[in-house]
Amino acid sequence: REMAEVVDQVYDAIVVGAGIEGTATAYEIASRGRQVLLVEQFTLPHTRGSSCGCSRITRLAYKQPYYVRMMQEAFRLWEEIEKKSGTKLYIRTGILVFGPDEKCGPLNSVVSSLVRHGIEHEVFSGSEANRRYPDQLTLPSDYMCIFEKEGGILLADKALAAIQKLFLSEGGTILDQHKVTEIIPGPVVTVVTSKATFRTRKLVVTAGPWTAALVRKLGVELPFKARKGEVFYWKVEDPKAFSPQEFPTFWCAPPHTPDQDTHALYYGIPMLEYPGLIKVSCSHGGSNVDPDNRDVSPVLPIVKKVSEFIGKFIKGVAKHPSIHEPCVYTESPDENPVLDKHPRAQWNNITIGAGFSGHGFKLSPVVGKILCELALDLPPSYDLTPFRIERFPKSVL
C-alpha cells in the first residue's frame, strides 16, 4: 500500500469540511494573517453535503432575537463578499411569511422580534396577500402575512466558490479528496487523512453530517440527526408572474395536525435556476439517513405533502415536480447549531461548528467570524449561550 505523506509544516489552523461554514471560517482565520489549511473529503465542487445547489433564501425574519442580530451583520458581510469577489450573490425579492394567526404561534414571535430590532416590515391578511399577488396566491383570508423587504435569494454555488477564491487570495490552501480518518488531540493537533498527515495549533471541525462521528472519537456526543433534504422544482403556467421581479421568496408555517411533523415549514423561491420552474419544498420533512448512503430512502411521502401544499396556496403550478435534487442537512434537537470549543479544557484548541438544521447558509459569514474568534481565543462578538455543547445532557463521554 502507498505510504501516506507526512507534512512537516505546522499550520496555524486546519478546518475540516469545505462547505459554506468551513469555507467562511477558513477565510476569516486566513484574513487575520494565519496559515490555514481547508480539507475536504470529496472532490470539489460536489453535491454530497449541505452547501450545494444554486439558491438559498435569506431573511431577517426570525423569531429568535439572536438570529435577527446575526442576520443584520450577515447582510453587511455578504455585501462585502460581493464587493471583494466582484460577484453578484444576492437578489432582493422580499420575503413573505404566512400561516395561521395564532396568538402564541411562530408568526407573532417573528413580528415581535422584527419590532424589537426596528426592522421595516408589513403585516397584513391573507386576503390582502391575494390582492397583491392575484396571479400567484390563494391564501385563506384570515391567514397572517408578514412581508420583510430585505429578504431574498443567495446564489449558493456562486457564494461558496467566491469565498473559496477569497480564501485562496489570503494565502489559504484547499485540499480535496482528503477524508479525515483520525484526529489526535494535543497542544499540536494531528489530523490524519486518507492521503496525508498534518499538524496544526488550532482545529475547527465543520464537517456537516459527518461531524458527530468525528467528534465522538474525541469524547463528545452530539445528538444530531442527518436528514435527507428533498428539493423540488415545479413548472408554472405563467413564468413572468413567478419571476423574482414579480414574486417574493416565502415560507409558511401551516396549522399543526396530528399526522404532521410539527417542525415542517414549506418554502419557495421564484423562478431562477431553471426556466419556467419555481422551487417549492418542505424543510424538516425528510427521513433520517446515513450521509454516506443518503440516496436510498424514498421521496414519495414528501412529494405528496408539497404537492398538496401547492394545490391549497399557489396558483398555476403543476401537480408533479419536474426536477428533484436531494441533499442532506444536520438537525439538532433545538434547531440551533453547536458553535463551541471542545468541552475538555486540555483540548480547547479544537472548535466545533455543526448542526445548522437547514438554515445555516445565510448565516455563514457570521458563523465563520464566530468560529474564527473561538479558534483564535478572541473576544466573542455574540452571546454564544444558545450554541453551547453543554446544553445537551450527556454530551461529554
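Here the structure is shown first, and the text comes after it.
As a convention, each chain's residues are numbered from 1 in the sequence order in which they are written. Only residues with pLDDT of 70 or above have their local features reported here, since the model is predicted, and side-chain atom pairs are shown and tallied only from 80 upward, although totals for entire chains, interfaces and linings are computed over all residues. The side-chain numbers reported here are obtained from all heavy atoms of the structure, hydrogens and water having been left aside.

## Points about the overall build of the protein chain
Consideration 1: Here a helix means four or more residues in a row that DSSP labels H or I, a strand means two or more in a row labelled E, and each is numbered from the N terminus. Secondary structure summary: the protein chain contains eight helices and 19 strands in total.
Consideration 2: In this treatment the radius of gyration is a C-alpha quantity, and the globule benchmark scales as 2.2 Å times the residue count to the 0.38 power. Computed over the C-alpha atoms, the radius of gyration of the protein chain is 21 Å, within 12% of the 21 Å expected from 2.2 N^0.38 for a compact globule of 397 residues.
Consideration 3: The principal-axis extents of the C-alpha atoms in the protein chain amount to approximately 65 × 45 × 45 Å.
Consideration 4: Burial classes follow relative accessibility: with a 1.4 Å probe on protein chains only, a residue under 20% of its type's maximum area counts as buried, one over 50% as exposed, and anything between as partly exposed. With 397 residues in all, the protein chain has 57% of them scored as buried.
Consideration 5: We call two residues in contact when some of their heavy atoms are within 4.5 Å. For the protein chain, the share of sequence-separated contacts (at least 6 apart) that also reach a separation of at least 24 residues comes to 74%.
Consideration 6: To be clear on the numbers: accessible area is Shrake-Rupley with a 1.4 Å probe, and residue cover counts the displayed protein chains and nothing else. Summing over all exposed atoms, the protein chain offers an accessible surface of approximately 17,200 Å²; the carbon and sulfur share of this is 53%.
Consideration 7: Note on charges: Lys and Arg go in the positive column, Asp and Glu in the negative column, and His and the chain ends are not counted at all. Working definition for charges: the position is that of NZ of Lys, CZ of Arg, CG of Asp or CD of Glu. Positive and negative side-chain charges of the protein chain, numbering 46 and 45 respectively, have mean locations separated by a distance of 1 Å.

## Looking at the pairing of strand 10 (residues 180-184)
Consideration 1: Of the strand pairs in this sheet, strand 10 and strand 11 (residues 189-193) are connected by four bridges, and their pairing is antiparallel. Counted as the bridge partner of E182 is V192 from strand 11. Two strands are said to pair when DSSP picks up at least two bridges between them.

## As for the sheet that holds strand 5 (residues 95-99)
Consideration 1: With respect to topology, eight strands assemble into an open sheet ordered 6-7-5-14-15-16-13-17, the strand pairing being mixed. In this open sheet, the two edge strands, each paired with only one partner strand, are strand 6 (122-125) and strand 17 (323-331). Neighbouring strand axes in the sheet, compared pairwise and without regard to direction, differ in orientation by 20° on average.
Consideration 2: Across four bridges, the pairing between strand 5 and strand 14 (residues 249-252) is parallel. For F98, the partnering residue across the bridge sits in strand 14 and is C252.
Consideration 3: Along the sheet, helix 3 (residues 106-116) contacts strand 5, strand 6, strand 7 (144-148) and strand 14; its crossing angle with strand 7, the most-contacted strand, is approximately 35°. Only C-alpha atoms enter the line fits that serve as axes; for helices the fit covers just the stretch in contact. Angles between N-to-C directions range over 0 to 180 degrees.

## A few points about the packing of aromatic side chains
Consideration 1: The rule is short: rings of Phe, Tyr and Trp, with Trp giving its six-membered ring, pair when the centres are within 6.5 Å, and they are stacked under 30 degrees, edge-to-face over 60, tilted in between. Per the stated rule, a full pass over the model turns up 21 aromatic pairs.
Consideration 2: Measuring from centroid to centroid gives 6.5 Å for F224 and F392, while their planes differ by 90°, and the two rings are edge-to-face. Of the two residues, F224 is situated in the loop between helix 6 (211-216) and strand 13 (225-235) and F392 in the segment after helix 8 (364-375); the sequence distance between them amounts to 168 residues. Both residues of the pair, F224 and F392, count as buried.
Consideration 3: Centroid distance F250 to F309: 6.2 Å. Interplanar angle 25°. Geometry classified as stacked.

## What to know about the pattern of salt bridges
Consideration 1: Put simply, a salt bridge is a Lys or Arg side-chain nitrogen that is within 4 Å of an Asp or Glu carboxyl oxygen. Scanning the model with the defined rule gives 19 salt bridges in all.
Consideration 2: A salt bridge links D12 to R201; the nearest nitrogen and oxygen atoms lie 3.2 Å apart. Note that D12 is positioned in strand 1 (residues 5-16) and R201 in strand 12 (residues 196-205), a separation of 189 residues in sequence.
Consideration 3: With relative accessibility at 42%, the residue R201 sits in the partly exposed group.

## Here we look at the side chain of K369
Consideration 1: In this structure, K369 sits in helix 8.
Consideration 2: Excluding residues within four positions of it along the chain, K369 makes contact with E28, E73 and S381.

## Notes on the packing of helix 1 (residues 20-30) against helix 5 (residues 156-169)
Consideration 1: Look at helix 1 against helix 5: their axes get within 9 Å of each other, and the N-to-C directions meet at 25°. As the angle between them shows, helix 1 and helix 5 are arranged roughly parallel. Seen from above, helix 1 lies across helix 5 with left-handed handedness. Together, I20, T23, A24, A26, Y27 and A30 of helix 1 and A159, L160, I163, Q164, L166 and F167 of helix 5 make up the contact between the two elements.
Consideration 2: Amino acid classes used here: Ala, Val, Leu, Ile, Met, Phe, Trp, Tyr, Cys and Pro are nonpolar; Asp, Glu, Lys and Arg are charged; the rest, including Gly, are polar. Along the lines of polarity and charge, the residues of the contact of helix 1 with helix 5 split into 10 nonpolar, two polar and no charged. In these notes the angle categories are as follows: under 35 degrees is roughly parallel, over 145 is roughly antiparallel, 65 to 115 is roughly perpendicular, and the rest is oblique. By the definition used in this description, the sense in which the near helix is turned from the far one sets the handedness, with an anticlockwise turn below a right angle giving left-handed and a clockwise turn giving right-handed.

## Regarding the sheet that holds strand 8 (residues 152-155)
Consideration 1: An order of 3-8-4 is seen for the three strands of this open sheet, with the pairing classed as antiparallel. Among the strands making up the open sheet, the edge pair consists of strand 3 (55-58) and strand 4 (90-92). Strand-to-strand twist of the sheet, defined as the mean angle between neighbouring strand axes without regard to direction, takes the value 25°.
Consideration 2: Of the pairings in the sheet, the one linking strand 3 to strand 8 comprises four bridges and is antiparallel in character. Bridged to I57 within strand 8 is I153.
Consideration 3: In this fold helix 5 packs onto strand 3 and strand 8, with an angle of close to 50° to the strand it touches most, strand 8.

## Brief notes about the nonpolar core
Consideration 1: Ranked by size, the top nonpolar core spans 70 residues in total, and within it I29, V36, M70, W78, I146 and I370 carry the most contacts.
Consideration 2: Per element, the largest residue contribution to this core is nine residues, and it comes from helix 2 (residues 65-85).
Consideration 3: Setting aside residues up to four positions removed in sequence, I370 forms contacts with M70, L339, Y382 and L384.
Consideration 4: For our purposes a nonpolar core is just a set of buried Ala, Val, Leu, Ile, Met, Phe, Trp, Tyr and Cys residues, chained together by side-chain atoms within 4.5 Å. Grouped together as the second largest cluster of nonpolar side chains are 32 residues, C145, F242, V280 and I310 included.

## Some details on the environment of E82
Consideration 1: Mapped onto the elements of the fold, E82 is located in helix 2.
Consideration 2: What makes E82 buried here is its relative accessible area of 18%.
Consideration 3: Distance from E82 to I119, taken between C-alpha atoms, is 23 Å for residues 37 residues apart in sequence.
Consideration 4: Once residues within four sequence positions are removed from consideration, E82 is found in contact with T87, K88, L89 and Y90.

## Observations concerning the packing of helix 2 against helix 5
In a pair of packed helices, the angle between the axes and the distance between the axes together describe the arrangement.
Consideration 1: Direction vectors running N to C along helix 2 and helix 5 enclose 65°, while the axes themselves pass 10 Å from each other. In terms of axis orientation, helix 2 runs roughly perpendicular to helix 5. Considering only the axes of helix 2 and helix 5, their crossing is left-handed. Judged by residue contacts, W78, I81, K84 and S85 of helix 2 engage A159, A162, I163 and L166 from helix 5.

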